[in-house]
Amino acid sequence: MGEKFQLKIKDEDLNKGLKDFLLQIMEKNEISNLIVPLLIPSKNNVFPTFVKNRELLEDAKPIAPVLPVSTATMISKITRLSPSPEKILVFLKPCELRGILELTKFKQITLDNLIFVSYDCMGAYKTDFYEEALSGGKDIDSEYVSKNLMKGEQDDNIRDACKLCENFFSTAFADIGIGFIGADGGILIEAHTEKGKEVLSKLSLEKTEAKERDERLEKISKNRKEKWEKEKKEIKKEATGIDGLVRYFSKCIDCHNCMGQCPICFCKECFWESPTFEFTPLNFLGWAEKKGAVKLPTDTIFFHLGRLSHMSTSCIACGLCSDACPMDIKVYELFHLVADDTQAAFDYKPGRDLEEEAPLVTFKEDELKELG
Amino acid sequence: MGDKFEPKLIGFFCNWCTSSAADLAGTSRMQYPPNIRPIRVMCSGSVDLAYIWRAFLEGADGVIIGGCHPGDCHYVSGNYKARRRIKIFETIMKTLGLDEKRLWLRWISASEGKKFAETMKEFTEHIRKLGPSEIGKNWSI
Ligand code: SF4
Ligand code: SF4
Ligand code: FES
């Protein structure tokens, strides 16, 4: 970890304070592009936005507690084909950063010229909840800052995945991390990479210690881990065996929205969307004959098992699959449950380290001897 | 056959080794159970896990993958990759209570006709003891 600095924000408004900080970084480092959560013109929602015109940043909401899409997916749309020729400063949540790391490993993101700033996230609300609050004229951001962010706590309306997130703080992969927890009452700024150090060196910031920070972060992580372990047992009871799985996904309408929002499911030619799944009457006649009946649509459990096989080793537990499900199926919980085990099988943690290869793209000759 | 449970088994066998071993077992007149339906694949590394799920969901009681011994894969590392995938498959089965013992991975070279016949006997008996799989019975999958 690098040196720790203190950020003084004059204004009460954290979003505005952080925006000014980002602008300062851009000015001193000659960066003219920013991707940051911004209030959309209709003023009732916030999306990650590529901003060039600085006047529009009046509506920047860096810490808006909402996650309508993953910035990781968005960055992939921008840099998949080639690196950005200009520097882009990106402000995003820790889970989005983990997605960036995985997508970089899969060559879906080119990191050149991207500078990442992340923060201690206390979770997001579901998009419809957040949208309703804004539509109703509520200052939900300020409330979130005082009740959640600054206290290191989470209110009941926070998304389930966020309540269980163990890596909610600005990870080592962020060039610059912004801390609120154990920050001695202020706002902590920390460079985690050489790039980050260079960027911060151009700013005049006061040093600080934040001695209790690590301990406090660890405590929160530990609490959530314990909560998750308990919840896991419940899900396991529910979704065990083929009948349990059928019950768990009984509302699934095979829309594939969960996959569409998953930052890890990046394949352009998804197997489940391919002609392999265009059948003839003979297929259906055969299945119905063999089992006596075939539920329509068929292959829903198959789809989930297949997706688990292909991507669970990189599941970053962001919960976007659950958010996307029109039937309110707890997709994330089941994927997280399986991912914990498939990742542990290779001692792999997605989003931990860029140098760590994803389990499915590598192998060791001397491993898994028990299998053959 | 009567009421005796005859396991339905699917084998994904590499073209360069296990499939040849099956031929060798046949031409050498070695007996092995007819329960196994072999599918010839170009390499154990070409078996996407989706196909193994398909086999189970459509009623296989057991699935066995046969590949070249470590170091002998025709495509250098397909079998090592297959081994990792099988680990993932087995882990998912275990976590979701889907009876991971129904999946085997074995290295059988082209010259090992005898090993092929014996392995198929063993696998058939192993699955016979486990009984029919529940996975393929459900029509709401
Ligand atoms: S499976 Fe769900 S929780 Fe896991 S990375 Fe994809 S969207 Fe996020
Ligand atoms: S989003 Fe929900 S309904 Fe649609 S495929 Fe996924 S689990 Fe099924
Ligand atoms: S060629 Fe036989 S396992 Fe790869």
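As the structure is a prediction and not an experimental result, all values here were calculated from the model.

## With respect to the overall build of chain A
So, step 1. Each helix and strand counted, chain A has 14 helices and eight strands in total.
So, step 2. Rg of the C-alpha trace for chain A: 22 Å, near the compact-globule value of 21 Å for 372 residues, within the 12% margin.
So, step 3. Principal axes of the C-alpha set define a box for chain A whose edges measure 75 × 55 × 40 Å.
So, step 4. Residues classed as buried in chain A amount to 55% of the 372 residues present.
So, step 5. Taking the intrachain contacts of chain A between residues at least 6 apart in sequence as the baseline, contacts between residues at least 24 apart amount to 73%.
So, step 6. Total accessible area on chain A is roughly 17600 Å²; 51% of this is exposed by carbon and sulfur atoms.
So, step 7. Charge separation in chain A, taken as the distance between the mean sites of 52 positive and 63 negative side-chain charges, equals 1 Å.

## Description of the site of ligand 2
Residue and element names in this part refer to chain A.
So, step 1. Surrounding ligand 2, one finds 14 residues, the nearest of these being Cys252, Cys255, His256, Cys258 and Cys325.
So, step 2. For the shell around ligand 2, the secondary structure elements donating two or more residues are helix 10 (257-261) and helix 12 (300-311).
So, step 3. Here the shell around ligand 2 is composed, by residue class, of ten nonpolar, three polar and one charged.

## Remarks on helix 1 (residues 14-28) of chain A
Residues and elements named next belong to chain A.
So, step 1. For helix 1, which comprises 15 residues, the first-to-last C-alpha distance of 21 Å matches the rise-based estimate of 21 Å (1.5 Å per residue) to within 8%.
So, step 2. For helix 1, the full list of buried residues reads Leu14, Asn15, Gly17, Leu18, Lys19, Phe21, Leu22, Leu23, Ile25 and Met26.
So, step 3. N-cap assignment for helix 1: the residue whose side-chain oxygen lies 3.0 Å from the backbone N of Asn15 is Asp13.
So, step 4. A positive phi of about 50° marks Glu30, the residue just after helix 1.

## A short note on the nonpolar core
So, step 1. Core analysis: the largest hydrophobic core is formed by 127 residues, its most contacted members being Ile63, Ile178 and Ile189 of chain A together with Ile52, Val63 and Leu96 of chain B.
So, step 2. Here this core gathers at least three residues from each of two domains, domain 1 (4-224) and domain 2 (225-371) of chain A.
So, step 3. If near-sequence neighbours (up to four positions away) are discounted, Leu96 of chain B is found in contact with Ala239, Thr240, Gly241, Leu245, Leu305, Leu308, Leu334, Leu337 and Val338 of chain A.
So, step 4. Residues Ile75, Ile88, Leu92 and Leu97 of chain A belong to the second largest nonpolar core, which totals 16 residues.

## Some details on the domain arrangement of chain A
Think of interface size as the accessible area that goes away when the parts come together; that is how it is often given.
All names here are of chain A.
So, step 1. Split into domains, chain A comes out as domain 1 (4-224) and domain 2 (225-371).
So, step 2. The gap between the C-alpha centroids of domain 1 and domain 2 is 29 Å.
So, step 3. The interface is formed by 30 residues belonging to domain 1 together with 29 residues belonging to domain 2.
So, step 4. Here domain 1 packs against domain 2, burying approximately 2500 Å² in sum over the two surfaces, 56% of which is carbon and sulfur.
So, step 5. Interface area lost by domain 1 to domain 2 is led by Lys105, Phe106 and Leu164, which between them contribute 22%.
So, step 6. If you look at where domain 1 meets domain 2, you find three salt bridges.
So, step 7. Asp323 is the partner of Arg159 in a salt bridge, and the nearest nitrogen-oxygen pair spans 2.7 Å.

## A look at the sheet that holds strand 4 (residues 88-91) of chain A
Two orientations exist for strands paired in a sheet by backbone hydrogen bonds: parallel and antiparallel.
Residue and element names in this part refer to chain A.
So, step 1. A sheet is described by the order of its strands in space; here eight strands give the open sequence 3-2-4-5-6-7-1-8, paired in mixed fashion. In the strand order of this sheet, the two ends are held by strand 3 (46-51) and strand 8 (206-207), each with one partner.
So, step 2. Of the strand pairs in this sheet, strand 2 (residues 33-39) and strand 4 are connected by three bridges, and their pairing is parallel. Paired with Asn33 across the two strands is Ile88, which belongs to strand 4.

## Description of the packing of helix 14 (residues 331-344) of chain A against helix 3 (residues 78-95) of chain B
So, step 1. The N-to-C vectors of helix 14 of chain A and helix 3 of chain B enclose an angle of 135°; their axes lie 9 Å apart at closest approach. One finds that helix 14 of chain A runs oblique with respect to helix 3 of chain B. Of the two possible hands of crossing, helix 14 of chain A and helix 3 of chain B adopt the one that is right-handed. Residues Leu337, Val338, Asp341 and Thr342 of chain A of helix 14 of chain A lie in contact with helix 3 of chain B, whose contacting residues are Ile88, Thr91, Ile92 and Thr95 of chain B.
So, step 2. Each residue belonging to the contact of helix 14 of chain A with helix 3 of chain B can be placed in one class, and the counts come to four nonpolar, three polar and one charged.

## Concerning the side chain of Glu96 of chain A
Residues and elements named next belong to chain A.
So, step 1. Topologically, Glu96 is positioned in helix 3 (residues 94-105).
So, step 2. For the buried residue Glu96, which engages in no salt bridge, the nearest side chain bearing the opposite charge is Lys93, 5.2 Å off.
So, step 3. Here the side chain of Glu96 touches Thr71 through a polar contact of 2.7 Å, side chain to side chain.

## Some remarks on the interface of chain B and chain A
So, step 1. On the side of chain A, 46 residues touch chain B, which itself brings 35 residues to the contact.
So, step 2. For the pair chain B and chain A, the two sides together bury roughly 3800 Å², of which 64% comes from carbon and sulfur.
So, step 3. Counting across the interface, chain B meets chain A through four salt bridges.
So, step 4. Among the ionic pairs, Lys87 of chain B bridges to Glu370 of chain A, the shortest N-O distance being 3.8 Å.
So, step 5. Applying the counting criterion to the chain B and chain A interface returns 23 residue pairs in polar contact (both at pLDDT 80 or more).
So, step 6. Considering each element in turn, the side of chain B that touches chain A owes the most residues, twelve residues, to helix 3 of chain B.
So, step 7. In the side of chain B that touches chain A, the residues fall into 16 nonpolar, seven polar and twelve charged.

## Focus on the pattern of salt bridges
All names here are of chain A.
So, step 1. This model, assessed by the stated rule, comprises 35 salt bridges over all chains.
So, step 2. A salt bridge links Lys197 to Glu194, with the shortest nitrogen-to-oxygen separation between them at 3.4 Å. Taken together, the residues span about one helical turn, with Lys197 and Glu194 both in helix 7 (residues 194-201) at a distance of three residues.
So, step 3. The structure contains a network of salt bridges with shared partners spanning Lys16, Lys19, Asp20 and Glu58.

## Some points on the site of ligand 1
Residue and element names in this part refer to chain A.
So, step 1. Near ligand 1, the surroundings consist of 14 residues, among which Cys262, Cys315, Cys318, Gly319 and Cys321 are the closest.
So, step 2. Elements with a contribution of two residues or more to the shell around ligand 1: helix 12, helix 13 (320-324) and helix 14.
So, step 3. Class assignment of the residues belonging to the shell around ligand 1 gives a composition of twelve nonpolar, one polar and one charged.

Parameters and conventions
- Residues numbered from 1 in each chain as written.
- Chains lettered and ligands numbered in written order.
- Predicted model: local features only at pLDDT ≥ 70, side-chain atom pairs only at ≥ 80, totals over all residues.
- Heavy atoms only, no water.
- Helix = DSSP H or I, 4+ residues; strand = E, 2+ residues; numbered from the N terminus.
- Rg over C-alpha atoms; globule rule 2.2 N^0.38 Å.
- Buried < 20%, exposed > 50% of the residue type's maximum accessible area, 1.4 Å probe, protein only.
- Contact = heavy atoms within 4.5 Å.
- Areas by Shrake-Rupley, 256 points an atom, 1.4 Å probe, with all protein chains shown as cover.
- Lys, Arg positive; Asp, Glu negative; His and termini not counted.
- Charge placed at Lys NZ, Arg CZ, Asp CG, Glu CD.
- Near = heavy atom within 4 Å.
- Nonpolar A, V, L, I, M, F, W, Y, C, P; charged D, E, K, R; others polar.
- Expected span 1.5 Å × (residues − 1).
- Polar contact = N/O pair within 3.5 Å; in protein donor to acceptor, adjacent residues only side chain to side chain.
- Core = buried A, V, L, I, M, F, W, Y, C linked by side-chain atoms within 4.5 Å.
- Domains from an automatic or database assignment.
- Buried area = accessible area lost by both parts, 1.4 Å probe.
- Salt bridge = Lys/Arg side-chain N within 4 Å of Asp/Glu carboxyl O.
- Pairing = 2+ DSSP bridges.
- Axes fitted to C-alpha atoms, helices over the stretch in contact; angles between N-to-C directions.
- Parallel < 35°, antiparallel > 145°, perpendicular 65-115°, else oblique.
- Left-handed = near helix turned anticlockwise from the far one by under 90°.

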